[in-house]
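Residue strings, one per chain:
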Amino acid sequence: MWRARAAAVCVVCQRLANNSYGLKAKPPLQKLHLVSRSIHHPHYPNPKFPLRISLQHFSSLNHLPLRKAKFLSLKYGYPPHRNFWLARLTSRLLKLRYLILGSAVGGGYTAKKTYDQWKEMLPDLSDYKWIIPDFIWELDEHIDFEKLFKALPDAEDLAKLVPDFDKIGESFISLKGFFSPGYNLVSEVIGASDLLLLLGSQGETAFRATDPGYENDKQYKKVSDKEKIDQLQEELLHTQLKYQRILERLEKENKELRKLVLQKDDKGIHQRKLKKSLIDMYSEVLDILSDYDASYNTQDHLPRVVVVGDQSAGKTSVLEMIAQARIFPRGSGEMMTRSPVKVTLSEGPHHVALFKDSSREFDLTKEEDLAALRHEIEIRMRKSVKEGCTVSAETISLNVKGPGLQRMVLVDLPGVISTVTSGMAPDTKDTIFSISKAYMQNPNAIILCIQDGSVDAERSIVTDLVSQMDPHGKRTIFVLTKVDLAEKNVASPNRIQQIIEGKLFPMKALGYFAVVTGKGNSSESIESIKDYEEEFFQNSKLLKTCMLKAHQVTTRNLSLAVSDCFWKMVRESVEQQADAFKATRFNLETEWKNNYPRLRELDRNELFEKAKNEILDEVISLSQVTPKHWEEILQKTLWERVSTHVIENIYLPAAQTTNSGTFNTTVDIKLKQWTDKQLPNKAVEVAWETLQEEFSRFMTEKKGKEHDDIFDKLKQAVKEESIKRHKWNERAEDSLRVIQHNALEDRSISDKQQWDAAIHFMEETLQSRLKDTESVIEDMVGPDWKKRWFYWVGRTKEQNIRNETKNELEKMIKCNADHAAYLANDEVTTVRKNLEAKGVTVDPCLIKDTWHQVYRRHFLKTALSHCNLCRRGFYYYQRHFVDSELECNDVVLFWRIQRMLAITANTLRQQLTNTEVRRLEKNVKEVLEDFAEDTDKKVKLLTGKRVQLAEDLKKVREIQEKLEAFIEALHQEK
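Now for a quick tour of the structure. (Residues numbered from 1 in each chain as written. Predicted model: local features only at pLDDT ≥ 70, side-chain atom pairs only at ≥ 80, totals over all residues. Heavy atoms only, no water.)

Some words on the packing of helix H33 (residues 797–815) against helix H34 (residues 825–837)
Put simply, the test is: All axes here are fitted lines through C-alpha atoms, helices being fitted over the stretch that makes contact, and every angle between N-to-C directions spans 0 to 180 degrees. Secondary structure is summarised from DSSP: a helix means a run of H or I of at least four residues, a strand means a run of E of at least two, and numbering begins at the N terminus for each. An angle below 35 degrees is read as roughly parallel, one above 145 as roughly antiparallel, one from 65 to 115 as roughly perpendicular, and any other as oblique. By convention, the crossing between two helices is left-handed when the near helix turns anticlockwise from the far helix through less than a right angle, and right-handed when the turn is clockwise. Throughout, a residue-residue contact means that at least one pair of heavy atoms, one from each residue, lies within 4.5 Å. Under the grouping applied here, Gly and all other residues not named as nonpolar or charged are polar, the nonpolar ones being Ala, Val, Leu, Ile, Met, Phe, Trp, Tyr, Cys and Pro and the charged ones Asp, Glu, Lys and Arg.
Taken N-terminus to C-terminus, the directions of H33 and H34 make an angle of 130°; their axes are 10 Å apart at the nearest point. With respect to each other, H33 and H34 are oriented oblique. As H33 runs across H34, the sense of the crossing is right-handed. For the pair H33 and H34, the contacting residues are Glu 804, Thr 805, Glu 808, Leu 809 and Met 812 in the first and Glu 827, Val 831, Asn 834 and Leu 835 in the second. Here the residues of the contact of H33 with H34 sort into 4 nonpolar, 2 polar and 3 charged.

Quick notes on the pattern of salt bridges
Test applied: Salt bridges are counted wherever a side-chain nitrogen of Lys or Arg sits within 4 Å of a carboxyl oxygen of Asp or Glu. Here the term buried applies to any residue with accessible area under 20% of the maximum for its type, exposed to any over 50%, and partly exposed to those in between, with areas from a 1.4 Å probe on protein chains only.
Within the structure shown, the criterion is met by 39 salt bridges. Close ionic contact of Glu 376 with Arg 380 constitutes a salt bridge, the shortest N to O distance being 3.1 Å. Residue Glu 376 and its partner Arg 380 are both found in helix H17 (residues 367–384); the two are separated by 4 residues, about one turn of the helix. Judged by relative accessible area, Glu 376 falls into the partly exposed class, the value being 25%. A salt bridge links Arg 725 to Glu 721; the shortest N-O distance between them is 3.0 Å. Taken together, the residues Arg 725 and Glu 721, both in helix H29 (residues 712–725) and 4 residues apart, mark about one turn of the helix. Overall, the relative accessible area of 32% leaves Arg 725 in the partly exposed class. Put simply, Glu 774, Lys 806, Glu 810, Arg 857 and Lys 861 are held in one network by salt bridges that share partners.

Here we look at the sheet that holds strand S4 (residues 362–363)
To keep things clear, this is the line we draw: Two strands pair if DSSP finds at least two bridges between them.
On the basis of which strands lie adjacent, the open sheet formed by 9 strands has the order S4-S3-S5-S2-S6-S1-S7-S8-S9 and mixed pairing. In this open sheet, the two edge strands, each paired with only one partner strand, are S4 and strand S9 (511–514).

With respect to the state of the cysteines
Rule in force here: Disulfides are defined as pairs of cysteine sulfur atoms found within 2.5 Å of each other.
The full count for this structure, using the stated rule, is 1 disulfide. Sulfur-sulfur distance for the disulfide between Cys 870 and Cys 888 comes to 2.2 Å. Given an S-S torsion of about -100°, the disulfide between Cys 870 and Cys 888 has left-handed geometry. Highlighted residues: Cys 870 in the loop between helix H35 (844–869) and helix H36 (874–879) and Cys 888 in the loop between H36 and helix H37 (889–933), separated in sequence by 18 residues. The pair formed by Cys 870 and Cys 888 is uniform in burial state, with each residue classed as buried. Here Cys 867 stays free of any disulfide, with the sulfur of Cys 870 as its closest cysteine sulfur at 6.6 Å. Given the relative accessible area of 0%, Cys 867 is considered buried.

Quick look at the pairing of strand S7 (residues 446–452)
Keep this limit in mind: By convention, orient the strands away from the viewer: a clockwise path from the first strand over the helix to the second makes the crossover right-handed.
Within S7, 7 of the 7 residues are buried, leaving the element largely enclosed by the surrounding structure. Side chains of S7 alternate between two faces, with Ile 446, Leu 448, Ile 450 and Asp 452 and Ile 447, Cys 449 and Gln 451 buried alike. Of the strand pairs in this sheet, strand S1 (residues 305–309) and S7 are connected by 5 bridges, and their pairing is parallel. Its bridge partner being in S7, Val 308 is matched across the sheet by Cys 449. Note that the unit made of S7, helix H19 (residues 462–469) and strand S8 (residues 476–481) has a crossover that is right-handed.

Here's the deal with the nonpolar core
Put simply, the rule reads: The criterion is simple. A nonpolar core is a set of buried Ala, Val, Leu, Ile, Met, Phe, Trp, Tyr and Cys residues joined through side-chain atoms within 4.5 Å.
Formed by 95 residues in total, the largest nonpolar core has its most connected members in Tyr 651, Trp 674, Leu 691 and Ile 897. When residues in this core are grouped by element, the largest group, 17 residues, is from H37. Those residues in contact with Ile 897 that sit more than four places away from it in its chain are Trp 639, Val 646, Leu 671, Trp 674, Leu 744 and Phe 761. Grouped together as the second largest cluster of nonpolar side chains are 69 residues, Ala 325, Ala 353, Leu 448 and Tyr 596 included.

Looking at unusual backbone geometry
Unlike most non-glycine residues, Gln 324 shows phi in positive territory, near 60°. One can find Gln 324 in the loop between helix H16 (315–323) and strand S2 (341–347). Gln 324 sits in the partly exposed class, given a relative accessible area of 23%. One non-glycine residue, Trp 792, lies in positive phi territory at about 55°. In this fold, Trp 792 is placed in the loop between helix H32 (785–791) and H33.

Spelled out as structure tokens, the structure:
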């Protein structure tokens, strides 16, 4: 029966050929290509090769054990080929179906990802048309497909030839679930060639069942549908791995070719300027945003891949597999990620890494550079962590470039912990949670949730946090690490299947992936880890038993999925974010125009530069101070500092002596002691303080309408830091001591003018002291009778006692004007008894304290009267006359002091103008340079609404411009 049907089909085909059904021309067989001749109907004789056709048992993916060929008998004078020419033509044309189907299964996610990349790099094949057989190009000229389709039998006739068509179709539909769901691009090819698959593989069983010689074949064994499916699944796994290796080899060659092209561009062969890559442009926008709003309180909803997971869950290992380099520091069971690390992956000719704020490139193919990179990351993390803390929210920005890297931005966050150990700050756990939430709250952030597969699922902490941030799982990708340990240790493999299917954890996700991140050895290379991962999944029962699907395994498929999700999120949200920043810019510009209409928009850096110039101008103005001004200030300030010592410790003790010789001796001794120990140091202190005061005056005085109070804090900080760093020349005291000692030893007043100046200086000093003493006495005894009457004030009880004591002591001085400076004990007793007789009880100490001020006032008044007498004493002094009533040794003392002050002021002025002012200018420049590099200093010192508004306006403008440039480049690439 079967042979009759086959013969009938061939007769129909022969008639079609003879009657030219669907054929426009009949070319000679000898003129056709060899491939073209091979598909023609055997109606044309071929003397070289005897045509013998056997039904061949084969699968769509791999060759099964073949059944021996069974030659069919000749009939009608030519070999009866059961595959008529249309079927042969279709089978050869649809071999592409097997390749695409095998790539879809074997390549998994990789085939779809690399399709677009390869399509761009394919050369123009128009010059290679000669490789394709001639009949392909001329097929439409020789065959009228419309007539041919009308001549073909109906579907009902074909269905009769395939009695178990529905059952076999259901079997293949069940296998479609094994294929990657992302490959809709081959769905039409699969549908168009289902019939051919059935006819070529299991459909052959149906044909053989109708063959009379089929029952006599003892080698054929009928198998169940389940065994067929298991066999096909095993074939699919082997085919998948085969095509995976082929694709990896092709991608490796593609990387090398792209690397060569980029290297040629670097060498200037094509002399074209490479544009900045999309991912680099996008990364710059994120860096500006992190500076603009570190707390994510504004419209920073731009996508980035946020990597979260429990501590030691394998986050760092997954990132390193995606980046294809061991770039992160690692430790055994301790927290290594102490601050967020933003990693920007982009394609480049060389595998290198560099930081945002550094120009050094780390070659990731060299172990010494990798070690240096890990050490640098660790140092930056420790610097970002403040004292008393364990983790920091400050982001470290790292760019990684290399051939074949997937373009995306990932943020590695510190691992989530459940317990704070002894070496951590008490708020470490809460800080990590707050940092993670801040990044995951971004509605466009892709959450890459890392879960350790080697530990119990109940110990997971991060899954609850992720489910809170993304309850519907619209932007979450779940990754199960250490699957090799999980398969080895977990008693029930179905638990792994439940995790990957999203049935075990309460969280939802877009996709679930299973990866292997090595054998736990930190010295393993990326290549060895990839080989181990491929070998594990090749032999894993999880794949063989369909617990895991092919597109859900390996880190490569994970990186492709994350990259696709990242760019999809970017394309969907970037324009909306650009519009949001455009609106923000308009609002800020309007606010600035209304509040600061006549001011230019200067940010902190520009304001700092302006303040820096003003400060340097003010420091330079110190050199413009006149010498006279310096000396006057220095002399006045120095006398204010030493006048108390001169009066109390030198003049008053010497004035108590009985004769001029003793007076001069006492004065010389005390002046020598004072010069050796205190005076030079005190003079240098005065000079340094004078310099500070003048510097502060220039820094703080307002410059009229041009003064800007926004610089006040900065100027104050610069002044304080410069003064703190400045140290006076140590040799200044030694040279000053010699000069002061020589000045005080000179007693010769050369002219009357100097004599009068000394007397004037003495009078001013004594009057100032007398005024101070009068004030002290008034505080002691209270207001006099005039104030009591006019201001209605009274005396306290203690003031009354003091007043009675003062009156009693003044009586003693009136009785003895030359009384000594101290009271004798009997005199104290006499005063006390006199006061007791008046009903006033007085303590002896109070009597002595009151006496000190009363006698001091009496002495100063006496000295002033003596000073008036000495105005005419220069003649006696110059002639060396001795007159006991007109001895003016005290005038000479004040002349010596005055001369020492003048010489000291002159010396200090020279030191200031020649040395110290220049050194201060140098210190100011150094402080300004340090402040320029310290962003925190600028933020603290240049504050105010105006500064913040200008800063925000500049950042928003920059963000908007870069976003618009990125969107334009994104559209061009699309």
